[in-house]
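# An overview of the molecular structure
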Amino acid sequence: MRKFVFATNNRHKLEEIIQLSDNKFEVQTLNEIGCFEDIPETGETLEENALMKARYIYRKFGKDCFADDTGLEIEALNNAPGVYSARYAGVEKNPEANMNKVLNELSGVKNRKACFRTVIALIIDGKEYLFEGKVDGEIIREKRGMSGFGYDPIFKAADCDLTFAEMELEIKNQISHRARAAQKLITFIKKLNP
């Protein structure tokens, strides 16, 4: 079975990808390959950040790998927080503070349209590929739900009554931005290893 390093320390992302991979390939963590440093994320776009992380692992460890970057893009905030989603309220990357900042900035704003976008960069045998997933929706007015992570308690996908934080992982994995990007990645990998 082919092995890929997933360049993340986010346990939730790992769980989502492993579930979606359907045992078609093995996912290794950064810890498993002995990578304990913070990988730079200084790009101006999701694509740049995802590639930066994947290239770092490929160059340093010589392993096939993939990395993602995700952004919440809110129409009324000129698509902010976007690439700065994880650190929107500060370098501490505090999800509660990030959500509170978004809710404060949207206070009294009627247009709540938003989308989540994920870009996954794959490096395999030295070649680079990008896969994008997007889900449209809106920012609700108060947090709901205990599952998920990040902005999940305040994001409701279009044509859906539940926030991402109110959904079972299996349901979220059918419609989420990361699931859509990951599905493209997994389909691509399966074609390489039928």
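Anyway, here's the lowdown on the structure attached to this text. (Residues numbered from 1 in each chain as written. Predicted model: local features only at pLDDT ≥ 70, side-chain atom pairs only at ≥ 80, totals over all residues. Heavy atoms only, no water.)

## A word on the side chain of arginine 178
Our working definition: Under the scheme used here, helices are H or I runs from DSSP no shorter than 4 residues and strands are E runs no shorter than 2 residues, and both carry numbers assigned from the N terminus. N or O atoms closer than or at 3.5 Å make up a polar contact, with two conditions inside protein: a donor-capable atom paired with an acceptor-capable one, and, for residues adjacent in sequence, both atoms drawn from side chains.
When you line up the elements, arginine 178 lands in helix α5 (residues 177–192). Here the side chain of arginine 178 touches aspartate 68 through a polar contact of 3.3 Å, side chain to side chain. There is a polar contact of 3.3 Å between the side chain of arginine 178 and the side chain of threonine 70.

## Notes on the pattern of salt bridges
Keep this limit in mind: Salt bridges, as used here, are contacts in which a Lys or Arg side-chain nitrogen is within 4 Å of a carboxyl oxygen on Asp or Glu.
In the structure shown here, the tally under the stated rule is 16 salt bridges. The shortest N-O distance in the salt bridge between lysine 53 and glutamate 41 comes to 3.3 Å. Separated by 12 residues along the polypeptide, lysine 53 in helix α2 (residues 46–61) and glutamate 41 in the loop between β2 (26–28) and α2 bring together distant segments of the chain. Members of the salt-bridge network, linked through shared partners, are Glu47, Glu73, Arg117 and Glu132.

## Description of the pairing of strand β6 (residues 127–139)
Heads up, the condition is: In this analysis, strands are considered paired if DSSP registers two or more bridges between them.
As paired strands, strand β5 (residues 113–124) and β6 are joined by 12 bridges and run antiparallel to one another. Bridging from a neighbouring strand, leucine 122 pairs with tyrosine 129 of β6. Taken together, β5 and the strand that follows it, β6, pair antiparallel across an intervening segment of two residues, in which aspartate 125 is found at a positive phi of about 55°. The pairing of β6 with strand β7 (residues 155–157) spans three bridges and is classified as antiparallel. Within β7, the residue paired with glycine 137 across the bridge is alanine 157.

## Considering the environment of leucine 30
Our working definition: Note on contacts: a residue pair is in contact if any heavy atoms of the two residues lie within 4.5 Å.
Position of leucine 30 among the secondary structure elements: in the loop between β2 and α2. Linking leucine 30 and leucine 20, residues 10 residues apart in sequence, is a C-alpha distance of 19 Å. Setting aside residues no more than four positions away along its own chain, leucine 30 makes contact with Val5, Phe6, Ala7, Thr8, Asn9, Cys35, Ile39 and Ile57.

## Structural notes on α5
Let me state the cut-off plainly: To estimate how far a helix should reach, multiply one less than its number of residues by 1.5 Å. Under the scheme applied here, a residue whose accessible area is under 20% of the maximum for its type counts as buried, over 50% as exposed, and between as partly exposed, the area being computed with a 1.4 Å probe on protein chains only.
For α5, which comprises 16 residues, the first-to-last C-alpha distance of 23 Å matches the rise-based estimate of 22 Å (1.5 Å per residue) to within 8%. What α5 keeps buried is the set His177, Arg178, Ala179, Ala181, Ala182, Leu185, Ile186 and Ile189.

## A look at unusual backbone geometry
Note that the residue after alanine 80, namely proline 81, is joined by a cis bond; omega there is 0°. Assignment of secondary structure puts proline 81 in strand β4 (residues 80–82). Positive phi is not limited to glycine here, since asparagine 78 has a value of about 55°. Mapped onto the fold, asparagine 78 is located in the loop between β3 (65–74) and β4. The backbone phi angle of aspartate 159 is positive, close to 60°, even though this residue is not glycine.

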